[in-house]
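# Commentary on secondary and tertiary structure
Okay, here's what each chain looks like letter by letter:
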Amino acid sequence: MVVMDVFKEWNSLSEGQQEEILISTDWEAAALELEKWCKETGNEYEGYNKEGDRFNVKIRLVKKQLI
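Being a predicted model, the structure only gives us computed values, none of them experimental.

With that settled, consider the nonpolar core. Counting residues in each nonpolar core, the largest one holds 13 residues, and the members touching the most others are Val6, Ile23, Trp37, Ile59 and Leu61. Broken down by secondary-structure element, the contributors of at least two residues to this core are helix 1 (2-11), strand 1 (18-25), helix 2 (30-41) and strand 3 (54-62). Counting residues per element, this core draws most heavily on helix 2, at four residues. Residues contacting tryptophan 37, with those up to four places away along its chain left out, are Val3, Val6, Phe7, Trp10, Asn43, Ile59 and Leu61.

Here is the structure:
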């Protein structure tokens with residue numbers, strides 16, 4: 001669900017728009033899945049940290065302009 005929520009947010013952006021988001025989840029694999037998704041879609045994975053039982057993942061969504 002985490003990746004789908006991020007995809008929906010990214011899909012709602014207008015062309016050329018960027019948005020930095022922080023995802024907080026207890027799903028340990030979220031950091032790896034979001035890093036992979038960013039590489040596949042041209043978004044920017046900025047890393048993660050763990051606080052207690054939560055994983056905080058920071059990414060920059062980038063909606064490329066169509067040429």
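After that view of the structure, there is still more to cover.
Moving on: helix 2. Between its terminal C-alpha atoms helix 2 stretches 16 Å, which fits the 16 Å expected from 12 residues at 1.5 Å a residue. Taken together, the buried positions of helix 2 are occupied by Ala30, Ala31, Leu34, Trp37 and Cys38. Each buried residue of helix 2 lies within a common arc of 130 degrees when the element is viewed along its axis, so the set occupies one face. Turned more than 90 degrees from where helix 2 packs its buried face, Leu32, Lys39 and Glu40 sit exposed. Where helix 2 is buried, its residues touch helix 1, strand 1, strand 2 (44-51) and strand 3.

What follows deals with the side chain of asparagine 43. Inspection of the secondary structure puts asparagine 43 in the loop between helix 2 and strand 2. Given a relative accessible area of 8%, asparagine 43 falls into the buried group. A distance of 2.6 Å separates a polar atom in the side chain of asparagine 43 from a polar atom in the side chain of threonine 41.

With that settled, consider the packing of aromatic side chains. Enumeration over the complete set of coordinates arrives at three aromatic pairs. Considering the side-chain rings of phenylalanine 7 and tryptophan 10, the 5.7 Å spacing of their centres and the 50 degrees angle between planes classify their relative orientation as tilted. Residue phenylalanine 7 and its partner tryptophan 10 are located together in helix 1, separated by three residues, close to a single helical turn. Assessed through its relative accessible area of 32%, phenylalanine 7 is described here as partly exposed. Where tryptophan 10 meets tryptophan 37, the ring centres are 5.6 Å apart and the plane angle is 90 degrees; that geometry is what we call edge-to-face. Placement of the pair is tryptophan 10 in helix 1 and tryptophan 37 in helix 2, with a sequence separation of 27 residues. Looking at tryptophan 10, the relative accessible area reads 15%, which means it is buried. Aromatic rings pair up to connect Phe7, Trp10 and Trp37 into one cluster. The ring of tryptophan 10 has lysine 63 sitting right over it, with the charged end atom 5.1 Å from the ring centre.

So, how was this worked out
- All chains use their own residue numbering, which begins from 1 and follows the written sequence.
- A pLDDT threshold of at least 70 governs which residues receive local features in this predicted model, and a stricter bar of 80 or more applies before side-chain atom pairs are shown or counted, although totals over entire chains, interfaces and linings include all residues.
- Only heavy atoms go into the side-chain values, all of them from the structure, while hydrogens and water stay out.
- Nonpolar core, defined: a set of buried Ala, Val, Leu, Ile, Met, Phe, Trp, Tyr and Cys residues in which side-chain atoms within 4.5 Å join the residues together.
- Exposure classes here rest on a 1.4 Å probe applied to the protein chains alone. A residue is buried below 20% of its type maximum, exposed above 50%, and partly exposed in between.
- We count a stretch as a helix when DSSP gives it H or I for four or more residues in a row; a strand needs E for two or more, and each element gets its number in order from the N terminus.
- In what follows, a contact means two residues having at least one pair of non-hydrogen atoms within 4.5 Å.
- Expected span of a helix: the number of residues minus one, times 1.5 Å.
- The directions considered for the arc run from the helix axis to the C-beta atoms.
- The definition of a polar contact used here is a pair of N or O atoms within 3.5 Å, where within protein one atom must be able to donate a hydrogen and the other to accept one, and adjacent residues in sequence count solely through side-chain atom pairs.
- Centres within 6.5 Å are what make two rings of Phe, Tyr or Trp a pair, Trp counting through its six-membered ring; a difference in plane orientation under 30 degrees is then read as stacked, over 60 as edge-to-face, and the rest as tilted.
- Comment: the charge-over-ring label is applied if NZ (Lys) or CZ (Arg) is within 6 Å of the ring centre and within 35 degrees of the ring normal.

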